[in-house]
2 protein chains.
Amino acid sequence: MRLSPLIDRLIESLQAQPGVGPKTATRTALHLLQHNRAGAQALAAALTEAAERVGRCRACRTLTETEVCAICANPRRDAAALCVVESPSDIVAIEQAGGFSGRYFVLHGRLSPIDGVGPEELGLGELPTHVRETGASEVILATNPTVEGEATAHYIKESLRGTDAQVTRIAHGVPIGGELEYIDGGTIVHALQGRRSVD
Amino acid sequence: MRLSPLIDRLIESLQAQPGVGPKTATRTALHLLQHNRAGAQALAAALTEAAERVGRCRACRTLTETEVCAICANPRRDAAALCVVESPSDIVAIEQAGGFSGRYFVLHGRLSPIDGVGPEELGLGELPTHVRETGASEVILATNPTVEGEATAHYIKESLRGTDAQVTRIAHGVPIGGELEYIDGGTIVHALQGRRSVD
(Lines give C-alpha, C1' and ligand atoms only; values in the text may rest on other atoms or scores of the structure.)
Protein backbone atom coordinates (compact mmCIF):
# COMPACT_ATOMS: atom_id res chain seq x y z
CA MET A 1 0.00 0.00 0.00
CA ARG A 2 1.05 3.61 -0.45
CA LEU A 3 1.64 5.64 2.69
CA SER A 4 2.85 9.21 2.15
CA PRO A 5 5.33 10.36 -0.55
CA LEU A 6 8.22 10.76 1.91
CA ILE A 7 7.56 7.47 3.69
CA ASP A 8 7.16 5.66 0.36
CA ARG A 9 10.48 7.12 -0.78
CA LEU A 10 12.13 6.00 2.44
CA ILE A 11 10.71 2.47 2.02
CA GLU A 12 12.03 2.41 -1.54
CA SER A 13 15.48 3.69 -0.51
CA LEU A 14 15.83 1.19 2.34
CA GLN A 15 15.66 -1.57 -0.26
CA ALA A 16 19.15 -0.62 -1.48
CA GLN A 17 20.27 -2.85 1.39
CA PRO A 18 20.88 -6.50 0.45
CA GLY A 19 18.12 -8.82 1.61
CA VAL A 20 15.69 -5.99 2.36
CA GLY A 21 12.41 -6.24 0.47
CA PRO A 22 9.24 -4.14 0.64
CA LYS A 23 7.95 -5.82 3.81
CA THR A 24 11.12 -5.37 5.89
CA ALA A 25 11.59 -1.86 4.49
CA THR A 26 8.06 -0.85 5.51
CA ARG A 27 8.55 -2.20 9.02
CA THR A 28 11.93 -0.46 9.30
CA ALA A 29 10.65 2.89 8.02
CA LEU A 30 7.67 2.93 10.40
CA HIS A 31 9.82 1.78 13.32
CA LEU A 32 12.41 4.51 12.77
CA LEU A 33 9.78 7.24 12.31
CA GLN A 34 7.74 6.13 15.30
CA HIS A 35 10.42 5.21 17.80
CA ASN A 36 13.90 6.30 16.74
CA ARG A 37 14.22 9.50 14.71
CA ALA A 38 17.57 10.25 16.32
CA GLY A 39 18.78 6.85 15.13
CA ALA A 40 17.46 7.57 11.63
CA GLN A 41 19.36 10.85 11.51
CA ALA A 42 22.55 9.31 12.89
CA LEU A 43 22.26 6.60 10.22
CA ALA A 44 21.79 9.24 7.52
CA ALA A 45 24.92 11.08 8.68
CA ALA A 46 26.96 7.87 8.87
CA LEU A 47 25.85 6.86 5.37
CA THR A 48 26.68 10.24 3.88
CA GLU A 49 30.07 10.51 5.49
CA ALA A 50 31.08 6.92 4.68
CA ALA A 51 29.86 7.18 1.08
CA GLU A 52 31.82 10.38 0.58
CA ARG A 53 35.02 9.64 2.42
CA VAL A 54 35.70 5.88 2.38
CA GLY A 55 38.24 5.01 -0.29
CA ARG A 56 40.77 2.23 -0.65
CA CYS A 57 43.86 1.31 1.34
CA ARG A 58 46.95 2.36 -0.60
CA ALA A 59 48.59 -0.99 0.13
CA CYS A 60 45.93 -3.72 0.07
CA ARG A 61 43.02 -1.90 -1.66
CA THR A 62 40.48 -2.74 1.05
CA LEU A 63 37.83 -0.17 2.01
CA THR A 64 39.04 2.49 4.44
CA GLU A 65 39.00 6.27 4.77
CA THR A 66 42.57 6.28 6.08
CA GLU A 67 45.51 6.14 3.69
CA VAL A 68 46.51 2.69 4.94
CA CYS A 69 44.09 0.26 6.60
CA ALA A 70 44.47 -1.00 10.17
CA ILE A 71 45.80 -4.41 9.10
CA CYS A 72 48.42 -2.97 6.73
CA ALA A 73 49.42 -0.43 9.40
CA ASN A 74 49.86 -3.16 12.01
CA PRO A 75 53.59 -4.06 12.23
CA ARG A 76 52.77 -7.38 13.89
CA ARG A 77 51.03 -8.70 10.77
CA ASP A 78 53.30 -11.07 8.87
CA ALA A 79 54.35 -9.53 5.54
CA ALA A 80 55.59 -12.93 4.35
CA ALA A 81 52.06 -14.26 3.74
CA LEU A 82 49.76 -12.35 1.38
CA CYS A 83 46.17 -13.56 1.04
CA VAL A 84 44.35 -12.47 -2.14
CA VAL A 85 40.55 -12.14 -1.70
CA GLU A 86 37.71 -10.97 -3.89
CA SER A 87 36.15 -8.51 -1.46
CA PRO A 88 36.53 -6.78 1.93
CA SER A 89 33.84 -9.04 3.39
CA ASP A 90 36.14 -12.01 2.71
CA ILE A 91 38.71 -10.32 4.99
CA VAL A 92 36.04 -10.04 7.68
CA ALA A 93 35.24 -13.75 7.34
CA ILE A 94 38.90 -14.81 7.52
CA GLU A 95 39.69 -12.48 10.42
CA GLN A 96 36.68 -13.72 12.38
CA ALA A 97 37.75 -17.31 11.79
CA GLY A 98 41.14 -16.42 13.28
CA GLY A 99 44.35 -18.29 12.54
CA PHE A 100 45.70 -16.06 9.77
CA SER A 101 48.23 -13.41 10.76
CA GLY A 102 49.45 -12.31 7.34
CA ARG A 103 48.31 -9.49 5.08
CA TYR A 104 45.68 -9.17 2.37
CA PHE A 105 45.20 -7.95 -1.16
CA VAL A 106 41.64 -7.12 -2.24
CA LEU A 107 40.59 -7.52 -5.87
CA HIS A 108 37.12 -5.93 -5.53
CA GLY A 109 35.74 -8.49 -7.94
CA ARG A 110 36.94 -11.33 -10.13
CA LEU A 111 37.89 -11.60 -13.78
CA SER A 112 34.70 -11.40 -15.81
CA PRO A 113 35.22 -10.31 -19.42
CA ILE A 114 31.46 -10.35 -20.04
CA ASP A 115 31.04 -7.64 -17.40
CA GLY A 116 34.09 -5.73 -18.61
CA VAL A 117 36.17 -6.70 -15.57
CA GLY A 118 39.75 -7.30 -16.67
CA PRO A 119 43.06 -7.53 -14.78
CA GLU A 120 43.43 -3.74 -14.49
CA GLU A 121 40.07 -3.31 -12.71
CA LEU A 122 41.24 -5.84 -10.12
CA GLY A 123 44.60 -4.16 -9.50
CA LEU A 124 46.41 -7.20 -10.92
CA GLY A 125 48.87 -4.98 -12.80
CA GLU A 126 50.31 -3.77 -9.51
CA LEU A 127 50.20 -7.15 -7.72
CA PRO A 128 53.63 -8.50 -8.85
CA THR A 129 55.30 -5.21 -7.81
CA HIS A 130 53.40 -5.30 -4.52
CA VAL A 131 54.58 -8.86 -3.86
CA ARG A 132 58.18 -7.93 -4.61
CA GLU A 133 58.12 -4.74 -2.53
CA THR A 134 56.52 -6.34 0.52
CA GLY A 135 58.82 -9.36 0.24
CA ALA A 136 55.92 -11.80 0.51
CA SER A 137 57.24 -15.36 0.28
CA GLU A 138 53.78 -16.93 -0.12
CA VAL A 139 50.71 -15.67 -1.97
CA ILE A 140 47.55 -17.49 -0.89
CA LEU A 141 44.78 -17.37 -3.46
CA ALA A 142 41.45 -17.23 -1.62
CA THR A 143 39.16 -16.29 -4.51
CA ASN A 144 35.85 -18.12 -4.48
CA PRO A 145 35.56 -21.61 -5.99
CA THR A 146 33.40 -20.41 -8.88
CA VAL A 147 34.34 -20.55 -12.56
CA GLU A 148 35.34 -16.88 -12.49
CA GLY A 149 37.13 -17.19 -9.15
CA GLU A 150 39.15 -20.15 -10.44
CA ALA A 151 40.01 -18.28 -13.64
CA THR A 152 41.15 -15.32 -11.56
CA ALA A 153 43.30 -17.57 -9.37
CA HIS A 154 44.84 -19.12 -12.48
CA TYR A 155 45.57 -15.69 -13.98
CA ILE A 156 47.25 -14.52 -10.75
CA LYS A 157 49.32 -17.71 -10.55
CA GLU A 158 50.65 -17.01 -14.07
CA SER A 159 51.24 -13.30 -13.44
CA LEU A 160 53.39 -14.05 -10.37
CA ARG A 161 55.82 -16.33 -12.24
CA GLY A 162 58.38 -13.53 -12.30
CA THR A 163 58.42 -13.23 -8.50
CA ASP A 164 60.05 -15.46 -5.88
CA ALA A 165 56.77 -16.03 -4.04
CA GLN A 166 55.25 -19.49 -3.74
CA VAL A 167 51.63 -19.36 -4.90
CA THR A 168 49.09 -21.52 -3.03
CA ARG A 169 45.34 -22.03 -3.24
CA ILE A 170 43.09 -22.50 -0.17
CA ALA A 171 41.68 -26.03 0.18
CA HIS A 172 38.22 -26.85 -1.09
CA GLY A 173 36.43 -29.85 0.31
CA VAL A 174 33.82 -31.08 2.77
CA PRO A 175 33.05 -28.28 5.29
CA ILE A 176 33.66 -29.09 8.95
CA GLY A 177 30.39 -30.43 10.38
CA GLY A 178 29.17 -31.27 6.89
CA GLU A 179 27.92 -34.74 6.05
CA LEU A 180 28.96 -36.42 2.83
CA GLU A 181 25.46 -37.45 1.87
CA TYR A 182 24.31 -33.83 1.80
CA ILE A 183 27.34 -32.35 0.00
CA ASP A 184 27.15 -31.48 -3.69
CA GLY A 185 29.11 -33.51 -6.23
CA GLY A 186 31.49 -30.71 -7.18
CA THR A 187 32.66 -30.37 -3.60
CA ILE A 188 33.13 -34.12 -3.23
CA VAL A 189 35.24 -34.21 -6.41
CA HIS A 190 37.38 -31.38 -4.97
CA ALA A 191 37.66 -33.17 -1.62
CA LEU A 192 38.88 -36.36 -3.31
CA GLN A 193 41.34 -34.53 -5.55
CA GLY A 194 42.68 -32.62 -2.56
CA ARG A 195 43.19 -35.74 -0.40
CA ARG A 196 46.27 -35.87 1.76
CA SER A 197 48.13 -38.77 3.37
CA VAL A 198 47.18 -39.42 6.98
CA ASP A 199 50.12 -39.38 9.33
CA MET B 1 36.47 -7.16 13.93
CA ARG B 2 37.13 -3.44 13.57
CA LEU B 3 37.34 -2.03 10.07
CA SER B 4 37.88 1.74 9.81
CA PRO B 5 36.31 4.37 12.11
CA LEU B 6 33.76 5.52 9.50
CA ILE B 7 32.81 2.00 8.45
CA ASP B 8 32.53 0.92 12.11
CA ARG B 9 30.26 3.90 12.79
CA LEU B 10 28.11 3.00 9.77
CA ILE B 11 27.85 -0.62 10.98
CA GLU B 12 26.82 0.65 14.42
CA SER B 13 24.25 3.08 12.99
CA LEU B 14 22.69 0.48 10.70
CA GLN B 15 21.73 -1.47 13.81
CA ALA B 16 19.10 1.16 14.64
CA GLN B 17 16.95 -0.88 12.25
CA PRO B 18 14.84 -3.59 13.88
CA GLY B 19 16.21 -7.08 13.36
CA VAL B 20 19.61 -5.85 12.15
CA GLY B 21 22.55 -7.14 14.22
CA PRO B 22 26.31 -6.76 13.77
CA LYS B 23 26.56 -9.43 11.07
CA THR B 24 23.82 -8.07 8.81
CA ALA B 25 25.03 -4.51 9.42
CA THR B 26 28.58 -5.40 8.38
CA ARG B 27 27.35 -7.10 5.22
CA THR B 28 25.10 -4.13 4.42
CA ALA B 29 27.80 -1.50 5.03
CA LEU B 30 30.35 -3.28 2.84
CA HIS B 31 27.79 -3.92 0.12
CA LEU B 32 26.70 -0.28 -0.03
CA LEU B 33 30.28 1.02 -0.02
CA GLN B 34 31.46 -1.47 -2.63
CA HIS B 35 28.53 -1.58 -5.00
CA ASN B 36 25.97 1.15 -4.35
CA ARG B 37 27.20 4.49 -3.02
CA ALA B 38 24.44 6.29 -4.92
CA GLY B 39 21.91 4.10 -3.10
CA ALA B 40 23.59 4.87 0.23
CA GLN B 41 23.37 8.60 -0.42
CA ALA B 42 19.76 8.37 -1.60
CA LEU B 43 18.95 6.44 1.57
CA ALA B 44 20.66 9.09 3.69
CA ALA B 45 18.63 11.84 2.02
CA ALA B 46 15.37 9.91 2.40
CA LEU B 47 16.08 9.25 6.10
CA THR B 48 16.92 12.89 6.81
CA GLU B 49 13.92 14.29 5.01
CA ALA B 50 11.47 11.79 6.47
CA ALA B 51 12.85 12.19 10.01
CA GLU B 52 12.53 15.96 9.76
CA ARG B 53 9.24 16.35 7.93
CA VAL B 54 6.98 13.38 8.69
CA GLY B 55 4.43 14.30 11.34
CA ARG B 56 0.94 13.06 12.10
CA CYS B 57 -2.31 13.20 10.16
CA ARG B 58 -4.52 15.90 11.68
CA ALA B 59 -7.52 13.54 11.55
CA CYS B 60 -6.35 10.00 12.30
CA ARG B 61 -2.88 10.66 13.79
CA THR B 62 -1.08 8.25 11.46
CA LEU B 63 2.41 9.12 10.16
CA THR B 64 2.40 11.48 7.17
CA GLU B 65 4.09 14.69 6.09
CA THR B 66 0.85 16.01 4.60
CA GLU B 67 -1.74 17.67 6.80
CA VAL B 68 -4.21 14.85 6.22
CA CYS B 69 -3.19 11.32 5.22
CA ALA B 70 -4.23 9.65 1.96
CA ILE B 71 -6.89 7.48 3.62
CA CYS B 72 -8.50 10.39 5.50
CA ALA B 73 -8.38 12.50 2.32
CA ASN B 74 -10.08 9.78 0.28
CA PRO B 75 -13.83 10.59 0.05
CA ARG B 76 -14.63 6.98 -0.86
CA ARG B 77 -13.53 5.70 2.55
CA ASP B 78 -16.55 5.02 4.74
CA ALA B 79 -16.65 7.52 7.63
CA ALA B 80 -19.23 5.34 9.40
CA ALA B 81 -16.63 2.74 10.47
CA LEU B 82 -13.65 3.88 12.54
CA CYS B 83 -10.97 1.32 13.33
CA VAL B 84 -8.74 2.11 16.32
CA VAL B 85 -5.21 0.65 16.03
CA GLU B 86 -2.05 0.86 18.09
CA SER B 87 0.34 1.81 15.31
CA PRO B 88 0.63 2.79 11.63
CA SER B 89 2.00 -0.68 10.81
CA ASP B 90 -1.37 -2.10 11.94
CA ILE B 91 -3.01 0.03 9.23
CA VAL B 92 -0.59 -1.45 6.69
CA ALA B 93 -1.52 -4.98 7.82
CA ILE B 94 -5.28 -4.33 7.65
CA GLU B 95 -5.06 -2.54 4.30
CA GLN B 96 -3.00 -5.35 2.79
CA ALA B 97 -5.52 -7.89 4.05
CA GLY B 98 -8.22 -5.93 2.22
CA GLY B 99 -11.89 -5.99 3.13
CA PHE B 100 -12.00 -2.87 5.31
CA SER B 101 -13.13 0.35 3.66
CA GLY B 102 -13.59 2.55 6.73
CA ARG B 103 -11.23 4.96 8.42
CA TYR B 104 -8.62 4.65 11.15
CA PHE B 105 -7.52 6.24 14.39
CA VAL B 106 -3.93 5.61 15.49
CA LEU B 107 -3.02 5.56 19.18
CA HIS B 108 0.78 5.33 18.71
CA GLY B 109 0.97 2.97 21.68
CA ARG B 110 -1.27 1.48 24.33
CA LEU B 111 -2.09 2.41 27.90
CA SER B 112 0.93 1.59 30.01
CA PRO B 113 1.10 3.54 33.28
CA ILE B 114 4.48 1.97 34.11
CA ASP B 115 5.96 3.62 30.99
CA GLY B 116 4.11 6.89 31.63
CA VAL B 117 1.70 6.32 28.73
CA GLY B 118 -1.74 7.59 29.73
CA PRO B 119 -4.89 8.47 27.73
CA GLU B 120 -3.55 11.88 26.66
CA GLU B 121 -0.42 10.40 25.03
CA LEU B 122 -2.70 8.17 22.94
CA GLY B 123 -4.98 11.00 21.80
CA LEU B 124 -7.90 9.44 23.69
CA GLY B 125 -9.04 12.84 24.95
CA GLU B 126 -9.90 13.85 21.39
CA LEU B 127 -11.37 10.48 20.32
CA PRO B 128 -15.00 11.05 21.51
CA THR B 129 -15.08 14.45 19.76
CA HIS B 130 -13.54 12.87 16.66
CA VAL B 131 -16.21 10.14 16.67
CA ARG B 132 -19.00 12.70 17.00
CA GLU B 133 -17.60 15.02 14.33
CA THR B 134 -17.00 12.28 11.76
CA GLY B 135 -20.39 10.72 12.50
CA ALA B 136 -18.87 7.27 12.92
CA SER B 137 -21.64 4.79 13.78
CA GLU B 138 -19.22 1.99 14.68
CA VAL B 139 -15.85 2.10 16.42
CA ILE B 140 -13.87 -1.13 15.91
CA LEU B 141 -11.23 -1.70 18.56
CA ALA B 142 -8.26 -3.44 16.92
CA THR B 143 -5.69 -3.02 19.69
CA ASN B 144 -3.54 -6.10 20.20
CA PRO B 145 -4.76 -8.97 22.40
CA THR B 146 -2.19 -8.26 25.13
CA VAL B 147 -2.96 -7.21 28.69
CA GLU B 148 -2.22 -3.59 27.81
CA GLY B 149 -4.06 -3.75 24.50
CA GLU B 150 -7.14 -5.17 26.26
CA ALA B 151 -6.96 -2.50 28.97
CA THR B 152 -6.73 0.15 26.26
CA ALA B 153 -9.75 -1.32 24.45
CA HIS B 154 -11.70 -1.35 27.73
CA TYR B 155 -10.79 2.28 28.45
CA ILE B 156 -11.89 3.37 24.97
CA LYS B 157 -15.15 1.47 25.29
CA GLU B 158 -15.91 3.39 28.50
CA SER B 159 -14.81 6.76 27.11
CA LEU B 160 -17.18 6.44 24.15
CA ARG B 161 -20.30 5.90 26.28
CA GLY B 162 -21.32 9.51 25.62
CA THR B 163 -21.40 8.98 21.85
CA ASP B 164 -23.95 7.21 19.66
CA ALA B 165 -21.34 4.89 18.17
CA GLN B 166 -21.54 1.16 18.65
CA VAL B 167 -18.19 -0.11 19.97
CA THR B 168 -16.96 -3.49 18.73
CA ARG B 169 -13.82 -5.57 19.22
CA ILE B 170 -12.13 -7.61 16.47
CA ALA B 171 -12.44 -11.39 16.92
CA HIS B 172 -9.67 -13.38 18.52
CA GLY B 173 -9.45 -17.09 17.87
CA VAL B 174 -7.77 -19.78 15.84
CA PRO B 175 -5.93 -18.22 12.86
CA ILE B 176 -6.96 -19.39 9.38
CA GLY B 177 -4.68 -22.27 8.44
CA GLY B 178 -3.81 -22.84 12.11
CA GLU B 179 -4.22 -26.25 13.69
CA LEU B 180 -5.79 -26.62 17.10
CA GLU B 181 -3.06 -28.87 18.48
CA TYR B 182 -0.42 -26.19 17.89
CA ILE B 183 -2.44 -23.21 19.17
CA ASP B 184 -1.72 -21.78 22.63
CA GLY B 185 -4.30 -22.17 25.39
CA GLY B 186 -5.18 -18.47 25.64
CA THR B 187 -6.17 -18.38 21.99
CA ILE B 188 -8.29 -21.54 22.35
CA VAL B 189 -10.11 -20.04 25.35
CA HIS B 190 -10.80 -16.91 23.27
CA ALA B 191 -11.94 -19.02 20.32
CA LEU B 192 -14.40 -20.92 22.53
CA GLN B 193 -15.72 -17.77 24.21
CA GLY B 194 -16.15 -16.11 20.83
CA ARG B 195 -18.07 -19.05 19.29
CA ARG B 196 -21.01 -18.25 17.01
CA SER B 197 -23.99 -20.27 15.91
CA VAL B 198 -23.56 -21.98 12.56
CA ASP B 199 -26.25 -21.11 10.10
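In what follows, the accompanying structure is described. Computed from a predicted structure; not experimentally measured. (Residues numbered from 1 in each chain as written. Chains lettered and ligands numbered in written order. Predicted model: local features only at pLDDT ≥ 70, side-chain atom pairs only at ≥ 80, totals over all residues. Heavy atoms only, no water.)

### Here we look at the pairing of strand β4 (residues 102-106) of chain B
Residues and elements named next belong to chain B. With respect to burial, β4 is a largely interior element, 5 of its 5 residues being buried. As paired strands, strand β3 (residues 78-85) and β4 are joined by 5 bridges and run parallel to one another. Note that in β4 the partner of Leu82 across the bridge is Arg103. Crossover β3 to β4 through helix α5 (residues 88-97) is right-handed. (Buried < 20%, exposed > 50% of the residue type's maximum accessible area, 1.4 Å probe, protein only. Helix = DSSP H or I, 4+ residues; strand = E, 2+ residues; numbered from the N terminus. Pairing = 2+ DSSP bridges. Right-handed = clockwise from strand over helix to strand, strands pointing away.)

### Let's talk about the sheet that holds β3 of chain B
All names here are of chain B. Spatial strand order, β4-β3-β5-β6: 4 strands in an open sheet with parallel pairing. Edge strands, defined here as strands with exactly one partner in the open sheet, are β4 and β6 (166-169). Across this sheet, the average inter-strand angle for adjacent strands is 25°, counted without regard to direction. Of the strands in this sheet, β3, β4 and β5 (138-141) are in contact with helix α6 (residues 127-134), which crosses β3 at around 160°. Of the strands in this sheet, β3, β5 and β6 are in contact with helix α7 (residues 147-159), which crosses β6 at around 170°. (Axes fitted to C-alpha atoms, helices over the stretch in contact; angles between N-to-C directions. Contact = heavy atoms within 4.5 Å.)

### Focus: the relation of the copies chain A and chain B
Expressed as a screw transformation, the operator carrying chain A onto chain B has a rotation angle of 180° and an axial translation of 0.0 Å, and the superposed copies differ by an RMSD of 0.1 Å. Put plainly, the chains are arranged around a two-fold axis. Taking C-alpha positions as reference, the residue of chain A nearest the rotation axis is Ala44 of chain A, located at 2.0 Å. Most of the interface of chain A is mirrored in chain B: 100% of its interface residues are interface residues there too. (Least-squares fit on C-alpha atoms with pLDDT ≥ 70 in both.)

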